[in-house]
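Each chain is listed here by its residues.
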Amino acid sequence: MKAKYIGKRFLIMIPTFIGITILAFFLSNLAPGDPISMIVGGAQLTPEDVARLEHRYGLDQPLVLQYFHWFARMIQGNFGISYRTSEPVWTMIMNRLGPTLLITITSVVVSVILAIPMGIGAAVKPYSAWDYISSGISFLAVAMPNFFVALVLVYIFGVQLKVLPTSGMYTTASVKELPDLIRHMILPVAVLAFQQIGNLIRQVRGSMLEVLQEDYIRTAREKGLKESRVVIRHGLRNALIPVVTTIGMNLPFIVGGAVVTEQIFAWPGLGQLMVQSINARDYSCIMGITVVISVVVLIGNLVIDLIYGLLDPRISYK
Amino acid sequence: MKKRTRILAALLALVMVLSMAACGGSDEPVETAGTQGESESGSGSQGGETTTPDGEKVVTIAMTSAWASWCPYFDSGNYTDIVSDQIYDRLWVTHKDGTVDPRLAESYEIDEDHGGMTIHLDPDAKFSDGEPVTADDVIFSAQLDTNPEFNSLKRDQMKYVAGTDNGGACENPDELGWEKIDDHTVHLTFKEVMSELNFLNMMNRYFYILPEHIYSQYSIEELNTAAPWQENMIGSGPFVYDTSIDGERIELVKNENYFLGEPQIDRLVIRVVQGSQLLSTLVAGEVDVIAGGGVATLPLSDWPTAQSTEGITAVSEPTWAYQAMIINTTSEKIPNAECRNAINMAINRQSIVDNLLLGEGVVVYAPFSDEHPFVDESKLTLPEYNPEKAKQQLEENGFDFNQTLELIVPTGNEVRIQSTVLIQQDLQAIGVKTNINQYDFATLMQMMRDGDYDLGMCGSAGGIDPTEPLGWLGPGTTQNFPCIQDYTYSDMFSATNSILDQDERVEAFVDVWQYLLDDSPVCYLYASNDLAAYNNRVQGVDYDEASQLNWKTWTWTVTE
């Protein structure tokens, strides 16, 4: 039954994916500004030179034809050449995807690890000091813009204490060592984790409060189970469903990169590349990134749906 | 349940490991034939980033955006040139005042009729793979740059060479005015008689000499992609490509055989740092030099801190870059030159410089400041601030005060955005209503090119070449933002090219600038200084040369 469900979902993904590419292609092309102007920049080119560039990149063709050419190449694994850098788009994306996943996944893991105990604590003893502290942190995290948090951390740990690097991925690119990478990850990951932790604490607290009122929790308690077992084994498992949903909704961010954080910490990720590509109207790169993000999000959503089943056996797949 | 938890944990760990691996793998150093000096570097403390434990002397330069291309000819921006200039050398460097110093060319002689020049290459110059730099390399570089099938964005620098069209393209390389005399001598024929300094100021800044023995192996189609350039980064500059992280940094090691002298530092790192983080990374010791030169300028808000921070030298360097408000000459709302001139007169430029630039800049009326060798404001009738006269001139020339002008400004440059508000107030004071709209740069460029605006803010890097402003002033260029329909400016600027005597040429430009001021398709506003800074442990940093991409990095030294 589950295999049939997965197969059906994959079939639905195909038109969804094509729809995404059509929307992304035409919307980005219809936006004012053209890639040739941005390629040319301050250079003085003649109309003949401009025409040659347009021809080279296929921009002299009708938009619909451009889309079909792009799509035909894309399904063969050819994402084209960046207008901006003349490099293969696929190579550019792969160079940036690793650094992005590194900080986004780590930040999700860190935020989940911190948010779950804080949320549980707040739900188990509502209106206690722990609840107020957790809620305070949650509100602070939601209310503070991440660029502000980033600047504060840079000032404290980079400028004043001088204990952590504030930009880049390595001290030197010629020797890439894991401890050095981890040191460079600390501040961007802290900012991203802080950004996510607020919502997660509130989600865990809210769903735990709800679950702890359920009959089966009362039954478990009356059976004489330890409170910790009741909370963790019976409560948390059911409370995790909205948490998983929140993480699922973060998938585009996880793959697409954290634009602001990557910019501030000069982290060479996909978000930074996306901004550069949009600014330069580098359509081939924009489309390449869109494809990667949409594929991961579509598959990720399926995985999230399957995880629901693991958490709650009552969920069946039809 | 326990089993499922373990599976989930294992999956999570796997994803982490894979993403770590992806990071490491994607940025493996690209070994090149010219790569030298692999060395260990510390991963440790601040300050340790500038000298490695094994004593390697490292200097890190910060700029605010990544280089766009591995090929020096594929990009028109300084972000690529600042890197290219370290790897590939040029024939000469042009100083800010227009004088030139030799690099690959140790000398030149101008033909008696000023129809060309003979260039003598330095016989000691070598590429980083050990091959000598010869006349064949110069000819090859010129032929490649002028080849219309090659995607060069620096082709217009060749437009005064015989055999090229108005854009610098040459269909038949045999007709190109570059000729080999012997292994170390080339002759260059101009399209028309002109002063050699005039030619060098226009051409020399971006003419990188490429090794023929490397790049002639590739077809033009291949050379139009990044791969040949990335795989064979062989130049004759002071540094050699070592490794990079895409979009984050490029690391170069010294070219021990550099013909102008072995660099005093071992490794030069060029990094990307966001503008707001420039000062903090400098103070934290993560970078040593803020590049200036239009690729990294300190925000004005950081300027007082930079000046007062111990161990840092802050430099406010005047440049030829300028900001302007362009007027759409085809807009029916601004019907004639008199109205444009009145708008020009209504702007209080001094207020912008005093209040927004905090004095770190100067007012300009012509494209360049009065310091420019080709501008002498004492001989010009300037559109100085005079709101009463401006209003009267508008009234006399049928300007409709009931209409609203669309004033567009690109996002990004905060001072420019704020100056737009001051200009709006100045115009409001004489009864001209404006509506300000901000757009991203690509959108704004398209709107200006299409004439879909009335007034538009824009800036230019300027330069010592006095014909540089022509890019905005006539049809047939990609930046004819004022939508000028005739070739008046083109003819006026071109006429100055054939004047051989420098003083006479300066005098000729008085007429050009005066016509430009009276016609006012562009209201030139201010020239802001380059605000930069460097760590005092680095000696030899000269910001006067930064705007011309003339870092003498091989003479830089570091002390601990």
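The structure presented is a predicted model; accordingly, all values stated were derived computationally and were not measured.

A short note on the sheet that holds strand E7 (residues 185–189) of chain B
All names here are of chain B.
Then, number 1: Taking strand neighbours across the sheet as the criterion, the four strands line up as E4-E5-E7-E6 in an open arrangement whose pairing is antiparallel. Here the strands that pair on one side only, and so sit at the sheet edges, are strand E4 (105–110) and strand E6 (178–182). Taken pair by pair, the neighbouring strands of this sheet meet at an average axis angle of 25°, ignoring direction.
Then, number 2: Where strand E5 (residues 116–121) and E7 come together, five bridges link them in antiparallel fashion. Bridge pairing in E7 places Ile119 opposite Val186.

Digging into the packing of aromatic side chains
Residue and element names in this part refer to chain B.
Then, number 1: Counted according to the given criterion, the structure contains 37 aromatic pairs over all chains.
Then, number 2: Each member of the aromatic cluster is reached from another via a ring pair, and the members are Tyr322, Phe368, Phe374, Trp472, Phe481, Phe493, Phe509, Trp513 and Tyr524.
Then, number 3: Geometry around Trp320 places Lys96 over its ring, the cationic atom sitting 5.5 Å from the centre.

Examining helix H7 (residues 146–160) of chain A
Then, number 1: Compared with the 21 Å implied by 1.5 Å per residue over 15 residues, the 20 Å span of H7 of chain A between its first and last C-alpha is a close match.
Then, number 2: Of all the bends in H7 of chain A, the largest measures some 30° and sits at Val154 of chain A.
Then, number 3: Residues of H7 of chain A that are buried: Asn146, Val149, Ala150, Leu153, Val154, Gly158 and Val159 of chain A.
Then, number 4: Residues of H7 of chain A that are buried sit in contact with helix H8 (178–211) and helix H12 (259–264) of chain A together with helix H8 (278–283) of chain B.

A word on a negative patch on the surface
Then, number 1: Among the surface-exposed residues, Glu48 of chain A together with Glu149, Asp165, Glu171, Glu221 and Glu222 of chain B lie close enough to one another that they form a single negatively charged patch.
Then, number 2: Structurally, the position occupied by Asp165 of chain B is in the loop between helix H3 (135–146) and E6.
Then, number 3: Overall, Asp165 of chain B belongs to the partly exposed group, its relative accessible area being 32%.

Overview of the nonpolar core
Where a protein is soluble and globular, its nonpolar side chains tend to be buried together.
Then, number 1: Ranked by internal contacts, the top residues of the largest apolar core, which has 165 residues, are Leu91, Trp178 and Trp229 of chain B.
Then, number 2: What Trp178 of chain B contacts, discounting residues up to four positions off in sequence, is Leu91, Ile119, Val138, Ile139, Ala142, Met158, Val161, Val186, His187, Leu188, Met203 and Phe207 of chain B.
Then, number 3: Core analysis: the second largest hydrophobic core is formed by 87 residues, Ala24, Val211, Val243 and Leu273 of chain A among them.

With respect to the side chain of Asn151 of chain B
Then, number 1: Examined against the element boundaries, Asn151 of chain B turns out to sit in the loop between H3 and E6.
Then, number 2: Since its relative accessible area comes to 11%, Asn151 of chain B is described here as buried.
Then, number 3: Contacts of Asn151 of chain B, omitting those with residues within four sequence positions, involve Leu53, Arg56 and Tyr57 of chain A together with Tyr73, Phe74 and Asn224 of chain B.

As for the sheet that holds strand E17 (residues 455–460) of chain B
All names here are of chain B.
Then, number 1: Read from one edge to the other, the open sheet built from six strands follows the order E14-E18-E13-E17-E15-E16, with strand pairing classed as mixed. Whereas interior strands pair on both sides, the edge strands pair on one side only; in this sheet they are strand E14 (361–363) and strand E16 (433–439). Across the sheet, the mean angle separating the axes of adjacent strands is 25° when strand polarity is ignored.
Then, number 2: Sheet contacts for helix H10 (residues 337–345): strand E13 (322–327), strand E15 (404–410) and strand E18 (522–528); angle to E13, the most-contacted strand, approximately 145°.
Then, number 3: In the packing of helix H14 (residues 441–450) onto the sheet, contacts are made with E13, E15, E16 and E17, and the angle to E15 comes to roughly 140°.

Considering the interface of chain A and chain B
Then, number 1: Taken together, the contacts link 70 residues of chain A with 75 residues of chain B.
Then, number 2: Taking both partners together, chain A and chain B bury about 6,000 Å²; carbon and sulfur atoms supply 54% of that area.
Then, number 3: Where chain A packs against chain B, one counts four salt bridges.
Then, number 4: Close ionic contact of Arg281 of chain A with Asp440 of chain B constitutes a salt bridge, the shortest N to O distance being 2.8 Å.
Then, number 5: The set of elements that each furnish at least two residues to the side of chain A that touches chain B consists of helix H2 (35–40), helix H3 (47–56), helix H5 (89–124), H7, H8, helix H10 (227–249), H12 and helix H13 (270–279) of chain A.
Then, number 6: Take the side of chain A that touches chain B: its biggest share by element is 11 residues, from H5 of chain A.
Then, number 7: For the side of chain A that touches chain B, the per-class residue count stands at 32 nonpolar, 23 polar and 15 charged.

Re unusual backbone geometry
Then, number 1: With phi around 65°, Tyr127 of chain A is a residue other than glycine that occupies positive phi space.
Then, number 2: Unusually for a residue other than glycine, Cys483 of chain B sits at a positive phi of about 60°.

A closer look at the domain arrangement of chain A
Many descriptions give the size of an interface as the accessible area lost when the pieces come together.
Residues and elements named next belong to chain A.
Then, number 1: Here the domain parsing of chain A yields domain 1 (2–74) and domain 2 (89–311).
Then, number 2: Facing the 23 residues of domain 1 at the interface are 16 residues of domain 2.
Then, number 3: Summed over both sides, the interface of domain 1 with domain 2 buries roughly 1,700 Å², with 76% coming from carbon and sulfur.
Then, number 4: Considering only the surface of domain 1 that becomes buried against domain 2, Arg9, Met13 and Phe17 emerge as the three largest contributors, covering 25% of it.
Then, number 5: If you look at where domain 1 meets domain 2, you find one salt bridge.
Then, number 6: The salt bridge partner of Asp305 is Arg9, with a shortest N-O separation of 2.3 Å.
Then, number 7: Here domain 1 and domain 2 share three residue pairs in polar contact (both at pLDDT 80 or more) between them.
Then, number 8: Top contributing element to the side of domain 1 that touches domain 2 by residue count: helix H1 (residues 2–30), with 14 residues.

Brief notes about the domain arrangement of chain B
Residue and element names in this part refer to chain B.
Then, number 1: For chain B, the domain assignment lists domain 1 (1–20 + 89–225), domain 2 (31–76 + 237–317 + 531–560) and domain 3 (322–528).
Then, number 2: Contact with domain 1, which involves 29 residues of that partner, is made by 24 residues of domain 2.
Then, number 3: Both faces considered, domain 1 and domain 2 share a buried interface measuring about 2,200 Å² in area, 53% of it formed by carbon and sulfur atoms.
Then, number 4: On the domain 1 side of the contact with domain 2, Lys96, Arg103 and Ser128 bury the most area, a combined 26% of that side's loss.
Then, number 5: For the pair domain 1 and domain 2, the interface holds one salt bridge.
Then, number 6: Here Glu317 and Lys96 are joined by a salt bridge, their closest N and O atoms 3.4 Å apart.
Then, number 7: For the pair domain 1 and domain 2, the interface holds nine residue pairs in polar contact (both at pLDDT 80 or more).
Then, number 8: Contributing elements (two or more residues each) for the side of domain 1 that touches domain 2: strand E2 (92–94) and H3.
Then, number 9: Across the side of domain 1 that touches domain 2, the residue classes tally to 10 nonpolar, nine polar and 10 charged.

Some words on the environment of Phe481 of chain B
Residues and elements named next belong to chain B.
Then, number 1: For Phe481, the position within the fold is in the loop between E17 and helix H15 (488–497).
Then, number 2: For Phe481, a relative accessible area of 2% translates into the label buried.
Then, number 3: Sequence separation between Phe481 and Val522 is 41 residues; the distance between their C-alpha atoms is 9.3 Å.
Then, number 4: Contact partners of Phe481, with chain neighbours within four places excluded, come to Ile326, Met445, Met448, Arg449, Tyr453, Cys458 and Trp472.

Structural notes on the packing of H5 of chain A against H8 of chain A
Residues and elements named next belong to chain A.
Then, number 1: Two elements in contact, H5 and H8, have axes separated by 5 Å at closest approach and are oriented at 35°. In the crossing of H5 with H8, the sense of the turn from one axis to the other is right-handed.
Then, number 2: Within the contact of H5 with H8, the residues separate by chemical class into 24 nonpolar, five polar and one charged.

A closer look at the state of the cysteines
Then, number 1: Under the definition given, this model contains zero disulfides over all chains.
Then, number 2: Cysteine Cys339 of chain B remains unbridged, with the sulfur of Cys523 of chain B as its closest cysteine sulfur at 12 Å.

A few points about the pairing of E7 of chain B
Two faces belong to every sheet, and in a regular strand the side chains alternate between them.
All names here are of chain B.
Then, number 1: Along E7, four of the five residues are buried, which leaves the element largely enclosed by surrounding structure.
Then, number 2: Direction of pairing for E6 relative to E7: antiparallel, over a ladder of four bridges. Bridged to Asp182 within E7 is Thr185.
Then, number 3: Between E6 and E7, which pair antiparallel and follow one another directly, the connecting turn spans two residues.

Remarks on the pattern of salt bridges
Once the charged atoms of two side chains with opposite charge are near each other, the side chains can pair.
All names here are of chain B.
Then, number 1: Counting across every chain of the model gives 30 salt bridges over all chains.
Then, number 2: Salt-bridge contacts for Lys154 lead to Asp81; the nearest nitrogen and oxygen are separated by 3.1 Å. With Lys154 in the loop between H3 and E6 and Asp81 in helix H2 (residues 78–87), this pair connects stretches of sequence that are 73 residues apart. Judged on exposure class, the residue Lys154 and its partner Asp81 are both buried.
Then, number 3: Salt bridges linked by common partners bring Glu56, Asp242, Glu248, Arg249, Glu251, Arg267 and Arg271 together as one network.

The rules behind the values
Residues numbered from 1 in each chain as written. Chains lettered and ligands numbered in written order. Predicted model: local features only at pLDDT ≥ 70, side-chain atom pairs only at ≥ 80, totals over all residues. Heavy atoms only, no water. Pairing = 2+ DSSP bridges. Helix = DSSP H or I, 4+ residues; strand = E, 2+ residues; numbered from the N terminus. Axes fitted to C-alpha atoms, helices over the stretch in contact; angles between N-to-C directions. Phe/Tyr/Trp six-rings, centres within 6.5 Å; stacked < 30°, edge-to-face > 60°. Lys NZ or Arg CZ within 6 Å of the ring centre and 35° of its normal. Expected span 1.5 Å × (residues − 1). Bend = angle between axes of the 7 residues up to and from the residue. Buried < 20%, exposed > 50% of the residue type's maximum accessible area, 1.4 Å probe, protein only. Contact = heavy atoms within 4.5 Å. Patch = residues over 30% accessible without salt bridge, like charges linked within 9 Å, V, L, I, M, F, W, Y side chains within 5 Å. Areas by Shrake-Rupley, 256 points an atom, 1.4 Å probe, with all protein chains shown as cover. Salt bridge = Lys/Arg side-chain N within 4 Å of Asp/Glu carboxyl O. Lys, Arg positive; Asp, Glu negative; His and termini not counted. Charge placed at Lys NZ, Arg CZ, Asp CG, Glu CD. Core = buried A, V, L, I, M, F, W, Y, C linked by side-chain atoms within 4.5 Å. Buried area = accessible area lost by both parts, 1.4 Å probe. Nonpolar A, V, L, I, M, F, W, Y, C, P; charged D, E, K, R; others polar. Domains from an automatic or database assignment. Polar contact = N/O pair within 3.5 Å; in protein donor to acceptor, adjacent residues only side chain to side chain. Left-handed = near helix turned anticlockwise from the far one by under 90°. Disulfide = S-S within 2.5 Å.

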